[in-house]
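# Structure assessment
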Amino acid sequence: MTISNPIYDLILGNNLEIMATLPDNYVDFILTDPPYLVNYIDRTQRSIANDINADWLMPTFSELYRVLKPNSMMVSFYGWTKVDLFFAAWKAAGFRVVGHIVYPKRYASSAGFLAYQHESAFLLAKGQPEKPSKPLSDVGIWQYSGNKLHPTQKPLSALTPLIQSFTPENGLVLDPFAGSGSTCEAAKLCGRQYIGIEIDQQYFGLAKARLDGISASIHNKLAISA
Ligand SMILES: C[S@@+](CC[C@H](N)C(=O)[O-])C[C@H]1O[C@@H](n2cnc3c(N)ncnc32)[C@H](O)[C@@H]1O
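All values reported here derive from a predicted model rather than from experimental measurement. Within any chain, residue numbers begin from 1 and follow the written order of that chain's sequence. Local features in this predicted model are restricted to residues whose pLDDT is 70 or higher, and side-chain atom pairs enter the listing and the counts only when it is 80 or higher, whereas totals over whole chains, interfaces and linings include all residues. By convention in this description, side-chain values take in all heavy atoms of the structure and omit both hydrogens and water.

## Some details on the overall build of the protein chain
Filter applied, for reference: Helix and strand definitions follow DSSP, with helices as H or I runs of at least four residues and strands as E runs of at least two, each counted in order from the N terminus. The size measure is the radius of gyration over C-alpha atoms, and the globule rule it meets is 2.2 Å times the number of residues to the 0.38 power. Relative accessibility under 20% of the residue-type maximum defines a buried residue, over 50% an exposed one, and the middle range a partly exposed one, all with a 1.4 Å probe and only protein chains included. In what follows, a contact means two residues having at least one pair of non-hydrogen atoms within 4.5 Å. Surface accessibility in these figures is a Shrake-Rupley result with a 1.4 Å probe; residues are shielded only by whichever protein chains are displayed. Under this rule, positive means Lys or Arg and negative means Asp or Glu; His and the chain ends count for nothing. To locate a charge, take atom NZ for lysine, CZ for arginine, CG for aspartate or CD for glutamate.
Looking only at helices and strands, the protein chain has six helices and nine strands in total. The C-alpha radius of gyration computed for the protein chain amounts to 17 Å, which stays within 12% of the reference 17 Å derived for 226 residues, consistent with globular compactness. If one aligns the C-alpha atoms of the protein chain with their principal axes, the spans along those axes are about 55 × 40 × 35 Å. Residue burial in the protein chain is summarised as follows: out of 226 residues, 45% are buried. Partitioning the contacts of the protein chain with sequence separation of at least 6, the portion at a separation of at least 24 is 73%. For the protein chain, the computed accessible surface area is about 11,700 Å², with 56% contributed by carbon and sulfur atoms. Between the centroid of the 19 positive side chains of the protein chain and the centroid of its 19 negative side chains there is a distance of 7 Å.

Now the structure itself:
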């Protein structure tokens, strides 16, 4: 892979089928936000595919481990109610759990026994990655994305520091649960390549339009500064 042939691929399909076409040890960093297994439906009735059954957990994380380069990282958001299932899948795949990131929110996403007011993600290693010279805090800053394109749209400001910290310059970032393309946009803004995979035609279409827009805007800025 070279800079003159960068990979900017958003693919419509089932991530297990698409990943089966990728070579071993191929991507530099995985940043993903899988279904939380909570059957989430937002106020406008938008839902998330595979948010009920957990059948995909083990095979998907095993495939992610295979395509990730040795001595590299994955960050996965997760649903805390099913943390046991996520942990079991990550460990069975071969990942080592090396960090946990918490994002306090100013608002509660839901309320029950507590007002649920934080997002969280685990940092997982394949092999023995080098430690960054300036490690990120494990308490991140959360800005509400507005969820305009997707019911669980992640803010770019939470994603870009992770990409900068864990992906080499011009490296390749994979998000197999791309949704509205937030990871892909963040990768592009950080000067990294990306592969995003999304199964839902509607979210795929919104992500594609979003990424085409960012490409056009970067192209225009480059043209102006040339
Ligand atoms: C939690 S959302 C990701 C939202 C994304 N982080 C964003 O900012 O827009 C998970 C996404 O994974 C997709 N998905 C679920 N199962 C999938 C599969 N097997 N292959 C590809 N995408 C899948 C869903 O359609 C959903 O859009």
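After that view, the rundown keeps rolling.
## What to know about the side chain of Glu185
Position of Glu185 relative to the elements: it lies in helix α5 (residues 182-189). Residue class for Glu185 comes out buried when judged on its relative accessible area of 11%. Contact partners of Glu185, with chain neighbours within four places excluded, come to Leu156, Arg210, Leu211 and Ile214.

## Examining the site of the ligand
This is how the line gets drawn: If even one non-hydrogen atom of a residue comes within 4 Å of a molecule or strand, that residue is called near it. We define a polar contact as two N or O atoms separated by no more than 3.5 Å, with the added condition that, inside protein, one atom must be a possible hydrogen donor and the other a possible acceptor, whereas residues neighbouring each other in sequence contribute only through side-chain atom pairs.
Surveying the vicinity of the ligand reveals 24 residues, the closest of which are Asp33, His150, Ser180, Ser182 and Glu198. Asn14 is positioned with one of its side-chain polar atoms (N or O) 3.2 Å from a nitrogen atom of the ligand. The separation between a nitrogen atom of the ligand and a polar main-chain atom of Asn15 is 2.9 Å. In isolation the ligand exposes 610 Å². Once the protein is present, 98% of that is buried.

## Focus on the pairing of strand β9 (residues 193-198)
The side chains of a regular strand alternate, first on one face of the sheet and then on the other. Here is the rule we go by: Here a strand pair is declared whenever DSSP counts at least two bridges between the two strands. Throughout, right-handed denotes a crossover for which the path from the first strand over the helix to the second runs clockwise when the strands point away from the viewer.
Of all six residues in β9, six are buried, a share of seventy percent or more. Here β9 shows a buried face lined by Gln193, Ile195 and Ile197 and a second buried face lined by Tyr194, Gly196 and Glu198. As defined by bridge partners, strand β1 (residues 8-12) adjoins β9 across five bridges and the pair is classed as parallel. What sits directly across from Leu12, in β9, is Glu198. Pairing analysis gives four bridges linking strand β8 (residues 172-175) to β9, with the strands arranged parallel. Note on β9: the bridge partner recorded for Leu172 is Gln193. Each parallel crossover has a hand, and the one from β8 via α5 to β9 is right-handed.

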